[in-house]
Amino acid sequence: MKNRNHSSPLKPSVLAVIGVLAAMSAQAQETTPPASASEAKSAEEQVVVVTGFRASLNSALNTKRASDGIVDVIKAEDIAKFPDANLAESLQRVPGVSLTRGDGGEGKQITVRGLNAGFTRVRINGIEGVTATGASDINGSTNRGRGFDFSVFASELFNSLEVRKTSEAAVEEGSLGATVDLRTGRPFDFKGRTFSIGAQGMHNSVSKTNDPRVTALYSDRWKTSYGQFGALISAAYSKRTAQEEGYEAVELLSASNDGGFCSPLGAAVQNPANNAVKGVTATNCGFGVPRTSNTAAYNDVMGRTDNYGGTVANPLPGSGAFAPRIPRFRRSLTEYERTGLTGALQWRPSSATELNLDLMGGKFNNKRYDNYISAISFGRSMAQSNGKPQTSIVDAHFNDNGSWDYGKFNAVDIRTEGLLDVYSTTFKQYVLSGRHDVTDRLKLDFLTGRSRSDLDEPQRTTVQFDSPNANGYSFDFRNNRNVPTINFGIDVTNPNNFSFAPQEADGTFHGQFVGRYLHTRNTLKTNQVTAAFEANDNLTLRTGLSRRNNQWTNVEIGSGGNGLRLPAGVTMDSISRQISGFGKGLGGSGVPSSWAAVDLNKFLAVYNIECHCAAVPGSEYNYLNQANRGVEEKIDAAFLMADFNYDLFNIPLRGNVGVRHARTEMNSFALVNANGTLEPVRGRNRYNDYLPALNVSATLHKDVMLRFSAGKTLARPEYTDLAPSSTLNAQVQTVTIGNPNLSPIRAKTFDLQAEWYYDKNAMVSVGAFHKKIGTFIQGVSDRAVFSSLGLPDSVLLGGGCSITGGTPACATLPSTTVVVNRQVNTPGGPLTGYEFNLQAPFSFLPGIWSNFGLLANYTYVDSKITYITRVDNPNTPANEQLTQRANFTGLSPKAHNLTLFYEDPKFSARVSAAHRSSYLLNVLGNVQGHDFTTVDGSTNVDFSMSYNLTPQLRLSFEGQNLNDTPLRYGRDNQRNDTLLYVHSGRTFVVGMNYKY
C-alpha cells in the first residue's frame, strides 16, 4: 500500500534545538569540576544502581545479551530522560514497536511487528493486566477488549520495560505480537536509602493551559537478625488539559443512500414521491422546501454509479458519488487526572530465600467536552427526519480520482452539538512471589496475584440543537484535501438560528438528547509454581504449573429522546455559549473561528436529563435494550523445559527448548430482550493447545551473537466477540450475534537475528522474522436457521405476534433462515519482516564529541491475509464468496526511530523522531463502495534536556510533538476522502528532580 503521507524534513525550530543542545553541552563540559573522592563515595551510597543514560543503555544491553530469546529492554533512567507522557510513548523507542495515539495526541496503545494491541499481552510484576479507557466515537468510543491502554499509567512508576518478541515454554501463552513485562521498583534494586521527588509544569500550544506533574519515591533496606528487609513506596500525579481540533466526516455515503437527493422540477423520476403528511409535491420536497436542484449538477451526481465490488448487478443512480455523512468541525477538550501508587516489601532471610510483595494502584480520571458544528441532512432518510431527500443539489464538482470535492446545497439541516463524557479507569494489583533454593541444584519459585481494572462511565451526556433547511450550504475540498471550506448557509454564531423543541408532525427535527451509562471490569488471577533442577553445569531442567482465571463483564444502558420543549422564558441564548478561537493550525479561510454551542451546565439546570427519571421524559434508562454480557476464562497450563549451555565445534551455544500445554475453558453469557423480559443466553467452549518453543543463541567471534527462535503461539478472541449478545431486526430478518465457539488465532513463528556488541554500550543487530498465521477472526454475514443460533424463541415475539401458527404470525419464525452477522474464524496468512537496530555511542570521537551518541532502528513488515468481504449465500449461485487480500489491520509496513543524544556528568540532552507508515484501520471490501479506511503515516519529533545543578538536584526541559503531527483517516484508496483530520499541538515541559 502506498504511503501518501511523506515524512517532512525537520523544521528549522528542531534544527535550532539541536544546535542549542550542542552549544549547552560544550559549556557544561567546560564548567564541570572533577568530583572529589568523598563526593563519589557519597553518590555511590545513595543513588540508584543504574545511573545516567549511558549506564541505563548498558544495563539494558546486558539484559538483552544474556537472554535466550529476542528481547528488548528499557531501564529506569532511560524512561525518565525521554520526553514521554506515559508508558506507550516510552515503548515506541523499541525496534518494531509503533504507537497508536488516542484523543488529545497522547500515546494509547502499541503495535508490535505490525500486530495490533489485541495481540500483545502485558504483564505487570509477573501477572497479566488489562486496562481500558474511553475515547471519542470516531476512535472507538470505549476499549472493551484485551488491548492494554498504556495511558492509564505514568512512566515514572516503572523500573524496567521489557518487550519479549519470541515465545518460551515457561512464559504464559496468549501473545502473537509480543509479551510486554513491566516491573515497578523494589527496595533491593537500590543500594540503600533512596529518596527522590520531582515536579514539572506542562504547557500546550493549543489548549493554552499550564498543568502540573509530580513524582516521588522513597526506598530503604535494613539488615536484622532475621535477614534483610526492604520497603519502597512511589507515587506519580499529573493533570493535563488536552485540546484537539479538526474535521470529521463520520462516514462517507453514496448519493443513493437514505433515499437520495431531492430531484429537480420536471425530472423523469420524481424523488421523493408525493407525501401529503410531509408536504412533498411535484414542486416541493417538503413544507416550505421548494425543489431547487440544478439539473446539470443533479445529473452529474446521480449519473455516477458503482457496482460495489461486483456485489450489485444493477447499481442505483448516485451509487458512485460519495459525500460526507455528517461533515462537521470538532473541538474536544479533555481534562485528564492521572494518579499512580506503588509499594513493595522484600524479605531475604538468607541468600537461598526471598519473599516479595508488590502492590500497585492507579486512577485515570477523564472529563471530555466535545463540541461539533455540523450538517446532518446527508445521513438521514425521509422516514427518520426529513433528511437527504429534502436536500437539493445546487452545484457539484468531482476531481480526477472520483472524489466529490465540492458541493452546494439547499435545505440542509445544521446542528450544534455538545457532549460531556465522564469516565475513569481504576487499577488495583497485588503480587506475592518468592523463591527458595532447596539445594544447590534444586530451586523453587512461586507467584500468586490478582489485578483488577474498572472502567466506569457514569455520565455520557449529548445535547443537540438544530436549524432545519438552511439554503446555500457548501463544502469545498479543492484547496485543502484534509479540511474543507464550509459555508453553513446561516450565521452559526447566532444561537437564535437554532432550536430545541419536539419533533414536528411532518418529521422535522429540532434537537434531541442522548445519555449512556457504561461499566467494564477485567479481573485476572494467577497462581503458579515452578521448579528448576540443575542436572549438571550444562543442563537445567525446569517445570511448572499455573492456573489463571480471567473474568470480563460489560454493562451499557442508554437513554434519550426528542420530546422536550423549552419552558417559557428560556431562550436559546440562555442555554448556549460561544466556541471561540477555533481552527488555528487547520488552515483555510472556510473554517469557522466561532459558533454557538450547547452549554451543558445551563441546559442541565433547565432539564436534568441526568436524573434518569420519569420527571424528565426520555431520560429514563432503557433497561430492556441494555448490553449486559460477560466472559470467564479458566486456563490451566503446565510446561517442561530444558536450559542448555554447550560448545559445538568450539562455538558456545545456549538456549532453551520445551513445550507448554494450555487448557482453556470459556464460559460466556449475555442478557437479551425476550418479549419484554431479560433472559440469559449462555455459551461454552473448550480447547487444548500444545505449544513447543526453541530458543538458541550462539556466541561467535568478535562479540557476535546469532539467535534462532521457533515456536507455536496463540492469541485468544476478543471478549466482545465471545459474548452471545444479540440484536434482532425481525422485519428484515437479520441477527447480529456474538460467537462463543470462536477458536484462538494460532501461528507458527520463526526468528533469526544477529547481534554485534562491537564496543562498550554499543550494538548493531539485524534480524528477520516470519509468522505463519493459521487462523484469523473477522466479521462476516452468512445465513442460518434462527433456531440454530441458541437464542430463546421468545426473542421473536413482539406486538402480539405468534410463532406457533396463530395470527398475526411473527415476521421471523424459529424455522426462518436469517442473515447472521458475527465473528468467525477465517484463513490466516503469512507475516514476514526485518529489523535493524543500532546503539552507537560516539566514544571514538575526540573531546566533547565523544559524549554524543545515536540510537536508530528500522522495521519492515509484509503481511497478506485473506479477508472475506461477502460469504457464499446458499440461496444464490454457488462460489460467489468475495475475498480481498490485504495487510493486517493496524500494520504499518515501515517504522523507524532515530535519537541523537548527548550526556556528560552534568548535562544530558536528546532529540528523537518516531515514524510509522500508513496502515489499514478497516478492510471494507468495496461492498459499500470503499475498499479500506487508512490512517496516514506520521512522524513525531520530541526533545529533552537536563542539567545537574548538584549531584542531587536536576533541572529538565522537554518538548513533545514539536512538529504538531496531525491524525488523519482516509477512506478508499482511489478517492482518499478525508474521514478525520485533527491536531493537538505541541507540549513543553519544565521540571526539577531532587534525590539522595
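Small disclaimer: the values here were computed from a predicted structure and weren't measured. (Residues numbered from 1 in each chain as written. Predicted model: local features only at pLDDT ≥ 70, side-chain atom pairs only at ≥ 80, totals over all residues. Heavy atoms only, no water.)

A. Fine view of the overall build of the protein. The secondary structure content of the protein amounts to 9 helices and 47 strands. Taking 996 residues into account, the globule formula puts the C-alpha radius of gyration at 30 Å, and the protein, at 30 Å, falls close to it. Taking the principal axes of its C-alpha atoms as reference, the protein extends roughly 95 × 65 × 55 Å. Across the 996 residues that make up the protein, the buried fraction comes to 57%. Taking all contacts inside the protein whose residues are at least 6 apart in sequence as the whole, residues at least 24 apart take part in 72%. If you sum the accessible surface of the protein, you get close to 39,100 Å²; carbon and sulfur atoms cover 55% of it. (Helix = DSSP H or I, 4+ residues; strand = E, 2+ residues; numbered from the N terminus. Rg over C-alpha atoms; globule rule 2.2 N^0.38 Å. Buried < 20%, exposed > 50% of the residue type's maximum accessible area, 1.4 Å probe, protein only. Contact = heavy atoms within 4.5 Å. Areas by Shrake-Rupley, 256 points an atom, 1.4 Å probe, with all protein chains shown as cover.)

B. Quick peek at the pairing of strand β36 (residues 852-863). Here strand β35 (residues 817-841) runs beside β36; their pairing, made up of 11 bridges, is antiparallel. In the strand pairing of β36, Phe-836 is matched with Tyr-858. In this sheet, strand β39 (residues 894-903) lies alongside β36 in antiparallel orientation, the contact comprising 9 bridges. Counted as the bridge partner of Thr-859 is Ala-895 from β39. (Pairing = 2+ DSSP bridges.)

C. Layout of the confidence of the model for the protein. With 92% of its residues at a pLDDT of 70 or more, the protein has an overall mean of 88. Of the regions scoring below 50 in pLDDT, residues 1-50 engages in 74 contacts with residues more than four places distant in sequence or in other chains. (pLDDT = per-residue confidence, 0-100.)

D. Main features of unusual backbone geometry. Looking along the chain, the bond that leaves Asn-271 and enters Pro-272 is cis, with omega of -5°. Looking at the secondary structure, you find Pro-272 in the loop between β11 (252-254) and β12 (284-286). For the peptide bond that leads from Thr-807 to Pro-808, omega is -5°, which places it in the cis range. Tracing the backbone through its elements, the reader meets Pro-808 in the loop between β34 (762-785) and β35.

E. A look at the packing of aromatic side chains. Applying the stated criterion across every chain, the model contains 42 aromatic pairs. Relative to Phe-475, the ring of Phe-378 lies with its centre 6.4 Å away and its plane at 80°, an arrangement referred to as edge-to-face. With Phe-378 in the loop between β16 (353-375) and α7 (382-385) and Phe-475 in strand β21 (residues 473-476), the pair connects residues that are 97 residues apart, well separated along the chain. Relative to Phe-409, the ring of Trp-404 has its centre 5.8 Å away and its plane inclined at 55°; by these criteria the two rings are tilted. Like Trp-404, the residue Phe-409 is buried in the burial classification. A cation sits over an aromatic face here: Arg-65 above Tyr-757, 4.5 Å from the ring centre. Across the ring face of Phe-769, the terminal group of Arg-113 is positioned such that the distance to the ring centre comes to 4.1 Å. (Phe/Tyr/Trp six-rings, centres within 6.5 Å; stacked < 30°, edge-to-face > 60°. Lys NZ or Arg CZ within 6 Å of the ring centre and 35° of its normal.)

F. A look at the state of the cysteines. Per the counting criterion, the structure on display carries 3 disulfides. The residue that forms a disulfide with Cys-611 is Cys-613, at a sulfur-sulfur distance of 2.1 Å. Looking down the S-S bond of the Cys-611 and Cys-613 bridge, the torsion is -80°, so its handedness is left-handed. You can call Cys-611 partly exposed: its relative accessible area is 27%. You can call Cys-613 partly exposed: its relative accessible area is 25%. With its sulfur 1.9 Å from that of its partner, Cys-801 forms a disulfide with Cys-810. Given an S-S torsion of about 85°, the disulfide between Cys-801 and Cys-810 has right-handed geometry. A relative accessible area of 16% places Cys-801 in the buried class. Judged by its relative accessible area of 6%, Cys-810 falls in the buried class. Here the cysteine-cysteine linkages of the protein are recorded as 1-2, 3-4, 5-6, numbering only bonded cysteines and doing so in sequence order. (Disulfide = S-S within 2.5 Å.)

G. Spatial organisation of the environment of Val-280. Tracing the sequence through the fold places Val-280 in the loop between β11 and β12. In this structure Val-280 comes out as buried when scored by relative accessible area, which is 3%. Each C-alpha atom of the pair Val-280 and Gln-390 lies 8.8 Å from the other, and the pair is 110 residues apart in sequence. The contacts of Val-280, once residues within four sequence positions are left out, are Gln-270, Pro-272, Ala-273, Asn-274, Asn-275, Cys-285, Gly-286, Arg-291 and Met-382.

H. Structural detail: the environment of Val-911. Note that Val-911 resides in strand β40 (residues 907-916). Expressed as a C-alpha distance, the spacing of Val-911 and Thr-899, which sit 12 residues apart in the sequence, is 5.6 Å.

I. View of the pairing of β39. Here 9 bridges tie β39 to β40, and the two strands are oriented antiparallel to one another. Paired with Ala-895 across the two strands is Arg-916, which belongs to β40. In sequence, β39 turns back onto β40 through a hairpin of 3 residues.

J. Up close: helix α6 (residues 295-302). For α6, the full list of buried residues reads Ala-297, Tyr-298, Val-301 and Met-302. The buried side chains of α6 occupy one side of the element, clustering within an arc of 120° when seen end-on. The secondary structure elements touched by the buried residues of α6 are β17 (392-398) and β18 (404-410). Capping the start of α6, Asn-294 holds a side-chain oxygen 2.9 Å from the backbone nitrogen of Ala-296, two or three residues further along. (Arc of directions from axis to C-beta. Polar contact = N/O pair within 3.5 Å; in protein donor to acceptor, adjacent residues only side chain to side chain.)

K. View of the nonpolar core. Core analysis: the largest hydrophobic core is formed by 62 residues, its most contacted members being Trp-404 and Tyr-473. Among residues more than four places away in sequence, those in contact with Tyr-473 are Pro-327, Ala-375, Phe-378, Gly-407, Lys-408, Phe-409, Val-412, Ile-414, Ile-486, Asn-487, Phe-488 and Gly-489. Judged by nonpolar contacts, the second largest core, of 29 residues, contains Leu-91, Val-122, Val-180 and Phe-427. (Core = buried A, V, L, I, M, F, W, Y, C linked by side-chain atoms within 4.5 Å.)

L. Spatial organisation of the sheet that holds β18. In space, the 4 strands of this open sheet follow the order β17-β18-β21-β22, with antiparallel pairing throughout. Either end of the sheet is taken by a strand with one partner, and the two such strands are β17 and β22 (485-487). The sheet shows a mean angle of 5° between the axes of neighbouring strands, taken without regard to direction. With 4 bridges connecting them, β18 and β21 associate as antiparallel partners. Following the sheet pairing, Tyr-406 is matched in β21 by Asp-476. Set on the sheet, α6 makes contact with β17 and β18; between it and β17 the angle comes to about 60°. (Axes fitted to C-alpha atoms, helices over the stretch in contact; angles between N-to-C directions.)

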